[in-house]
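# Structural characterization, general
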Amino acid sequence: MDAKEIVTVMKDLEKAESDSQIIRLLTLLQTDVVPTEKVLRETKVGVTVNRLRSHANPEVGTLVKKIIKTWKDGVSQEKKKKAVSSAGSPAKSTTSTTTNERFVSKGPRTPKNDGVKVEIYENKTRNGSISAIYTALAMDSDEQPSKIFELVKDIEKQCFKAVNFTVDDTYRNKLRSLIMNLKNKNNPTLRRSILDHEIIPSKLVTMSAQELAPDSLKKEMEEIYKKNLFDAQGATENNSVTDRFECGKCKQRKVSYFQKQTRSADEPLTTFCKCENCGNRWKFS
Ligand SMILES: [Zn+2]
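Residues numbered from 1 in each chain as written. Predicted model: local features only at pLDDT ≥ 70, side-chain atom pairs only at ≥ 80, totals over all residues. Heavy atoms only, no water.

Moving on, we come to the coordination of the zinc ion. Within the protein, the zinc ion binds to C247 (SG), C250 (SG), C275 (SG) and C278 (SG); these donor distances fall in the range 2.3 to 2.4 Å. Note that the zinc ion binds 4 donor atoms; their angles at the metal cover 104 to 118°, and the shape is tetrahedral. Motif for the zinc ion, donor spacing along one chain: C-x2-C-x24-C-x2-C. Residue C247 is classed as buried on the basis of its relative accessible area of 0%. The class for C250 is partly exposed, based on a relative accessible area of 26%. (Donors = N, O, S within 2.8 Å, 3.2 Å for Na, K, Ca; no water. Tetrahedral: all angles 85-135°; square planar, octahedral: opposite > 155°, others 65-115°. Buried < 20%, exposed > 50% of the residue type's maximum accessible area, 1.4 Å probe, protein only.)

This brings us to the UniProt feature "binding site: Zn(2+)" (unreviewed entry) in the protein chain. In this structure's numbering, the residues bearing the UniProt feature "binding site: Zn(2+)" (unreviewed entry) are C247 and C278. Sequence-wise these annotated residues cover 32 residues; spatially they are packed, their C-alpha atoms never more than 8.6 Å apart. Relative to the elements of secondary structure, C247 occurs in the loop between β1 (240–242) and β2 (255–260). C247 has contacts with Q252, V255, C275, C278, N280 and W282, leaving out every residue within four places of it along the chain. Looking at where C278 falls in the secondary structure, it is placed in the loop between β3 (270–275) and β4 (281–284). (UniProt positions renumbered as here; feature names shortened; annotations may be inferred. Helix = DSSP H or I, 4+ residues; strand = E, 2+ residues; numbered from the N terminus. Contact = heavy atoms within 4.5 Å.)

In structure tokens, the structure reads:
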């Protein structure tokens, strides 16, 4: 059953008047839906079916629980398969025209050790930023210096642009926090994503500290997100308070949040956060 057909059955289900009709439609979904994350996200059929969990007729409730369990297992298995196949496949080749030859460094990777000249601007602060970004980004990479340097120049340029082309405290703070994240030993994923062009510089400079955080948080986000495949509650502004997020301003962990699909259905959910202590608001996806 494709997404379109599923949506049709969902509509019938919402209009269904008798228990036997509901059971017939649920059974149809049970047998004909291949539960992939994509399909569940696109159609929100998991949310619709799950709503009938506490239906007055226990036969309906039991069937719903069975379906949801099967679909959850399906999504988990899909994820496992993906993890295995990506771990087993050779490193992704880049689309860049530069050589794919690995770089062997003589010491810790710094512009100096790699033979990269960072003095490209009149402004010492900007050159210093370029040097620091390079050292952070190259730390555990074997990419060629020229490739890293191109990215680094672009990252600095995007930061400079984001603060209205002025080297002031805003620029310094922005760079400081970005470099701190880039240097984080526990965050190889961030460096890899940038070097692989999965996060492009213009996007990178708009990302919040939460978005840049290491895998542990990303995993938690996946959990929340998975829950949203079957539970409508997360998608509404229920302002549940959690200690899961830290406020970037006051560092307290009293944050209320809700999630919304802001773009098309196959894009990730956006999480809107508000610090209950200082009122700071931010969002990420
Ligand atoms: Zn706060």
